[in-house]
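Coordinates in review
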Amino acid sequence: MHDCNQAISGWKEYHMSENTISLYVYKGGQGEITEKKSRFIATVRPVESEDEAVSFINETKKKYWDARHNCSAFVIGKRQELTRCSDDGEPAGTAGRPMLDVLLKENIHNAAVVVTRYFGGVLLGTGGLVRAYQQATKAGLSASEIIEKKEGAVLFIRTDYTGIGRLQYLFAQEKITVMDTAYEADVLVKAVIPENDKKRIEKTIIEQTNGTAKLEWGDEVTFAEYDGEVLLFKN
């Protein structure tokens with residue numbers, strides 16, 4: 001396992017802007033491709049630390065102990081600060097680095113992938129190996145559950161029954177994540193607003209309800225939507 005940061009630092013600075021979508025592996029998966037009789041099995045898992053990534057890699061190597069190669073790559077951090085990759089006996093630069101490139105270009109965070117190769121007896125050449133390891137990594141990601149994490153804050157809204165219709169239309173238009181709605185004497189809404197939209201959404205809600213809605217900001221959160229549910233994460 002070696003450090004891949006130096007080779008890709010320029011590329012990363014270009015892509016990791018404030019508006020970059022941050023994708024995370026919520027549930028790992030496994031994908032497989034076959035190239036000229038060689039099997040490439042990609043196993044993907046979410047990880048939060050280098051120790052966790054290394055443990056997963058060693059675990060996968062132990063599981064596939066009879067394979068010719070168990071190449072790996074992982075990326076950790078909100079800005080993909082920590083990256084490592086390994087060719088595990090393949091020609092230098094033909095496996096781990098191409099795998100890592102896929103993770104970075106797909107804006108994947110906090111994830112590790114191991115591509116296990118069972119040699120099929122036919123040499124693929126440098127270009128063939130690069131393509132095979134990248135395709136296998138993509139297959140592993142496709143088999144995983146990927147979520148987009150966003151920074152934001154909880155917003156509590158109290159409005160009357162006249163105002164809720166306008167707010168529901170606004171929520172749909174702005175794709176605002178609503179966590180809960182309680183219908184009492186008034187309507188109480190708990191929503192999550194992306195950090196960059198807070199001022200604009202607050203102003204729009206006040207305008208849409210003619211100033212009758214009462215707003216109160218809650219905790220700052222990292223959130224994502226998965227299978228129709230709102231997931232909250234510790235900042």
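The present account deals with the structure reproduced in this document.

Conventions used here
- The residue count restarts for each chain, going from 1 along the sequence in the order it is written.
- Reporting in this predicted model follows two pLDDT cut-offs: at least 70 for local features of residues, and 80 or more for side-chain atom pairs to be given and counted; totals over whole chains, interfaces and linings ignore these cut-offs and use all residues.
- Side-chain measures here rest on the full set of heavy atoms in the structure, leaving out hydrogens and waters.
- What we call a nonpolar core is a set of buried Ala, Val, Leu, Ile, Met, Phe, Trp, Tyr and Cys residues that are connected through their side-chain atoms within 4.5 Å.
- Buried means the residue's accessible area, taken with a 1.4 Å probe over protein chains only, is under 20% of the maximum for its type, while exposed means over 50%, and partly exposed covers the values in between.
- Helix and strand definitions here come from DSSP, where helices need a minimum of 4 consecutive H or I residues and strands a minimum of 2 consecutive E residues; each element is numbered from the N-terminal end.
- Residues count as neighbours in contact if any of their non-hydrogen atoms are within 4.5 Å of one another.
- Only the contacting stretch of a helix is used when fitting its axis, a line to C-alpha atoms as for every element, and angles between N-to-C directions run 0 to 180 degrees.
- Just so you know how the angles are binned, under 35 degrees is roughly parallel, over 145 roughly antiparallel, 65 to 115 roughly perpendicular, and the rest oblique.
- Crossing handedness is defined as follows: a turn of the near helix away from the far one that is anticlockwise and smaller than a right angle gives a left-handed crossing, while the clockwise case is right-handed.
- Given a helix with a known number of residues, its expected span is that number minus one, times 1.5 Å.
- The directions from the helix axis to the C-beta atoms are what the arc is built from.
- Centre distance within 6.5 Å is the pairing criterion for rings of Phe, Tyr and Trp, where only the six-membered ring of Trp is used; planes under 30 degrees apart are then read as stacked, over 60 as edge-to-face, and the remainder as tilted.
- A positively charged side chain is recorded as over a ring if its NZ (Lys) or CZ (Arg) lies within 6 Å of the ring centre. The angle to the ring normal must also be within 35 degrees.
- Salt bridge, as used here, is a side-chain nitrogen of Lys or Arg placed within 4 Å of a carboxyl oxygen of Asp or Glu.

With that out of the way, let us pick up the nonpolar core. With 25 residues, the main nonpolar core has Phe 40, Val 113, Val 115 and Tyr 133 as its most contacted residues. Residue assignment for this core shows that the elements contributing at least two residues are strand E4 (38–46), strand E5 (69–76), helix H3 (96–105), strand E8 (111–118) and helix H4 (125–142). Discounting residues that sit within four places of it in the chain, Tyr 133 has contacts with Phe 40, His 69, Cys 71, Glu 90, Thr 94, Ala 95, Met 99, Val 115 and Arg 117. Leu 155, Ile 164, Ile 176 and Ile 205 belong to the second-largest nonpolar core, a separate cluster that totals 14 residues.

Where helix H5 (residues 161–174) contacts helix H6 (residues 198–208), the two axes come as close as 10 Å, and the packing angle between them is 150°. Here H6 runs roughly antiparallel to H5, going by the angle between their axes. Along this stretch, H5 crosses H6, giving a crossing that reads as right-handed. For the pair formed by H5 and H6, the contact residues are Arg 166, Leu 167, Leu 170 and Glu 174 on the first element and Arg 200, Ile 201, Thr 204, Ile 205 and Gln 208 on the second.

With 14 residues, helix H2 (residues 50–63) extends 20 Å between its outermost C-alpha atoms, agreeing within 8% with the 20 Å of an ideal straight helix rising 1.5 Å per residue. Buried within H2 are the following residues: Ala 53, Phe 56, Ile 57 and Thr 60. Viewed along the axis of H2, the buried residues span an arc of 100°, placing them on a single side of the element. Pointing more than 90 degrees away from the buried face of H2 are the exposed residues Asp 51 and Lys 62. In this structure, the buried side of H2 is in contact with E4, E5 and E8.

This part is about the packing of aromatic side chains. Following the criterion strictly, the structure yields four aromatic pairs and no others. For the pair Phe 40 and Tyr 133, a centre-to-centre distance of 5.1 Å together with 85° between the ring planes defines the contact as edge-to-face. Of this pair, Phe 40 sits in strand E4 while Tyr 133 sits in helix H4, and the two are 93 residues apart along the sequence. Of the two residues examined, Phe 40 and Tyr 133, each falls in the buried class. Taking 6.5 Å as the distance between ring centres and 75° as the angle between the ring planes, the aromatic pair formed by Tyr 64 and Tyr 118 counts as edge-to-face. A residue pair is termed long-range when its members are at least 10 positions apart, and Tyr 64 in the loop between H2 and E5 and Tyr 118 in strand E8 qualify at 54 residues. A relative accessible area of 11% means that Tyr 64 is categorised as buried. Between Lys 149 and the ring centre of Tyr 24, over which it is positioned, the NZ or CZ distance is 4.2 Å. If you follow Lys 198 out to its NZ or CZ, it ends over the ring of Trp 217, 5.1 Å from the centre.

Attention shifts here to the pattern of salt bridges. Per the stated rule, a full pass over the model turns up eleven salt bridges. Note that Glu 32 is salt-bridged to Arg 39, the shortest N-O span being 2.7 Å. Residue Glu 32 is classed as partly exposed on the basis of its relative accessible area of 41%. Arg 39 gets classed as partly exposed once you look at its relative accessible area, which sits at 35%. What emerges from the salt-bridge pattern is a single network uniting Glu 174, Asp 197 and Arg 200.

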